[in-house]
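Close look at the chain arrangement
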Amino acid sequence: MDAQVTLTVDGTRHQLPVDTRTTLLDLMRERLGNTSPKKGCDHGQCGACTVLLDGQRQLPCLALAVAHDGAEIVTADGLAPAGELHPVQQAFLDADAFQCGYCTPGQVCSAVGVIEEAGRGWPSHATADVTAELSPEQALTHDEVAERMSGNLCRCAAYVNIVPAVQQAAGVQA
Amino acid sequence: MKPFAYARPADVAEAVRDVAAEPNAVFLAGGTNLVDHLKLGVARPDLVVDVRTLTSADVSDLPDGGLRLGAASTNSEVAADRRVRERYPVLAQALLAGATGQLRNTATTGGNPLQRTRCVYFADVTTPCNKREPGSGCSAVGGYTRYHAVLGTTAALPDPTAPETCIATHPSDMAVALAALDAQVQVLGPAGERTIPFTELHRLPGDDPSRDTVLEHGELITAIDLPPLPAGTRSAYRKVRDRASYAYALVSVAAVLPPGGDVRIALGSVAHRPWRATRAEELLRGAELTDHSVRAAMDAELAGAQPQPGLGGGNGFKIPLVNRTVVATLRALTSEASA
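Residues numbered from 1 in each chain as written. Chains lettered and ligands numbered in written order. Predicted model: local features only at pLDDT ≥ 70, side-chain atom pairs only at ≥ 80, totals over all residues. Heavy atoms only, no water.

Structural notes on the overall build of chain B
Helix and strand content of chain B: 11 helices and 12 strands. Within chain B, buried positions represent 57% of all 339 residues. Long-range contacts, defined as pairs at least 24 residues apart, comprise 64% of the intrachain contacts of chain B with a sequence gap of at least 6. Summing over all exposed atoms, chain B offers an accessible surface of approximately 12,900 Å²; the carbon and sulfur share of this is 52%. Averaging the coordinates of the 34 positive side-chain charges in chain B and doing the same for the 36 negative ones gives two points 6 Å apart. (Helix = DSSP H or I, 4+ residues; strand = E, 2+ residues; numbered from the N terminus. Buried < 20%, exposed > 50% of the residue type's maximum accessible area, 1.4 Å probe, protein only. Contact = heavy atoms within 4.5 Å. Areas by Shrake-Rupley, 256 points an atom, 1.4 Å probe, with all protein chains shown as cover. Lys, Arg positive; Asp, Glu negative; His and termini not counted. Charge placed at Lys NZ, Arg CZ, Asp CG, Glu CD.)

Looking at the interface of chain A and chain B
Across the boundary between the two partners, chain A contributes 36 residues, which contact 39 residues of chain B. The junction of chain A with chain B conceals about 3,200 Å² of combined surface from both sides, 54% of it contributed by carbon and sulfur atoms. Among the residues chain A hides against chain B, the three largest losses belong to Arg21(A), Leu62(A) and Val130(A). Together they make up 19% of the total. Among the ionic pairs, Glu133(A) bridges to Arg82(B), the shortest N-O distance being 3.6 Å. Inspection of the chain A/chain B interface yields 22 residue pairs in polar contact (both at pLDDT 80 or more). Those elements that place two or more of their residues in the side of chain A that touches chain B are strand E4 (56-58) and helix H3 (104-119) of chain A. Among the elements that make up the side of chain A that touches chain B, the one with the highest residue count is E4(A) (3 residues). When grouped by side-chain class, the residues that make up the side of chain A that touches chain B number 11 nonpolar, 18 polar and 7 charged. (Buried area = accessible area lost by both parts, 1.4 Å probe. Salt bridge = Lys/Arg side-chain N within 4 Å of Asp/Glu carboxyl O. Polar contact = N/O pair within 3.5 Å; in protein donor to acceptor, adjacent residues only side chain to side chain. Nonpolar A, V, L, I, M, F, W, Y, C, P; charged D, E, K, R; others polar.)

Section: the domain arrangement of chain A
Residues and elements named next belong to chain A. What the domain assignment reports for chain A is domain 1 (2-78) and domain 2 (87-170). Here the C-alpha centre of domain 2 lies 22 Å away from the C-alpha centre of domain 1. If you look at the interface, domain 1 gives 16 residues, while domain 2 gives 16 residues. Each partner contributes to the roughly 1,300 Å² buried at the junction of domain 1 and domain 2, and carbon and sulfur atoms together form 52% of this total. Contact with domain 2 buries area across many residues of domain 1, yet Lys 38, Arg 57 and Ala 76 alone supply 42% of it, more than any other trio. (Domains from an automatic or database assignment.)

As for the environment of Ala95(A)
All names here are of chain A. Here Ala 95 shows up in the loop between helix H2 (87-94) and H3. Classification of Ala 95 as buried rests on a relative accessible area of 17%. Taking C-alpha positions, Ala 95 is 25 Å from Leu 59, a pair spaced 36 residues apart along the chain. In contact with Ala 95, other than residues within four places in its own chain, are Asn 161 and Ala 165.

Here it is, written out as structure tokens:
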């Protein structure tokens, strides 16, 4: 069964009919040709497809396109103008925070979300006292970043460099 | 995936009417669990009614000093809310112990308690499962039982062919905290509004393991209310799991300790529903909370526990583990109180 949806992906507006079963991930990859979000598990377990959906890091593999009519999506491909790098992308290069690169677009989008959430003082499971105010520095210690990024798996196990990359991009001391 | 029709009604009343009118209709909120089940064939609705933007996404103060969590508020927003963190840390901690940042940004207050079990046989449509396909039997009995129930089950080795057999656990961390907090569930249904105590929302398998909750078809959670707690109340959530992050609980404990009052304890991942430890609470009423008294009260709570044998040694380890986790959680809360 088809429905009409309008979506903005990386700044470009698209209007198209979709089968109600289509996920945002399949729509972007198969219909819009945007292969930046990767399909890893397709069940919300690996984080490879992470994008910024209406400003927050979310998983398009678990989102029905029809339920997100009017949404604004930014993929890793759209984080910076063509030819330029977002500070998180530059930090991943500087810190050698990937090997094969398959999980990297998802890691990068997730890191952008993590830094934004830390800036708002959001606590995490690694936060010792959830009742206290949390500065971005306190929210982005090694253990905090590892916990906050735990929804992004890396089979090359580049974690040891991903954590400092996120810290560098956020401007906090590793 | 089976084809389905999609509807986004104008308001919650219309959404309730739409679902009530179609026996094979479901509500969709964040979708983190439902969309996965659509892919797996575990959920096969004819109609999906989207309520994500219809219910309130706000956390608001109630006149009695409590808080109302709108059904569409996300797990992230609730966990980050200053009032929740200061007054109900057990809830913030439980939410933050669940899933991942991405999933918490999507999952909602209304949807989280309604997520289905993570029993591997429930998710595998090639195996018999009384919860997924009533009357087909239970594949978990004698199988992989590490995450399964030890309380609220009928026997250590129930009849796997009986239609009522189910040893699944409820997977939500949030729900364990809400059980300990005596939250109230605001529901809109075809017959109007009603309020359900959170501790009565979820069912034991009884004679119909396919039903997780007491909600009737067409009933929608519109909000969850947190009652006010006396000043100085302490609360905490402790989760024990196989890895440090992004894993379901082996056991978990939510505890609420009002000053000079009676402790409230809820246990997670030990039963078909969040398990309020009422027997232990009763034994601890008016008693001094020491390792010894808590252990003895939990021994009584767990006297009827049924370890499930199974692959890799079964789940008997949960019984001492949950006892010790309660002792450790209350030890931390009481030492915090006397510090």
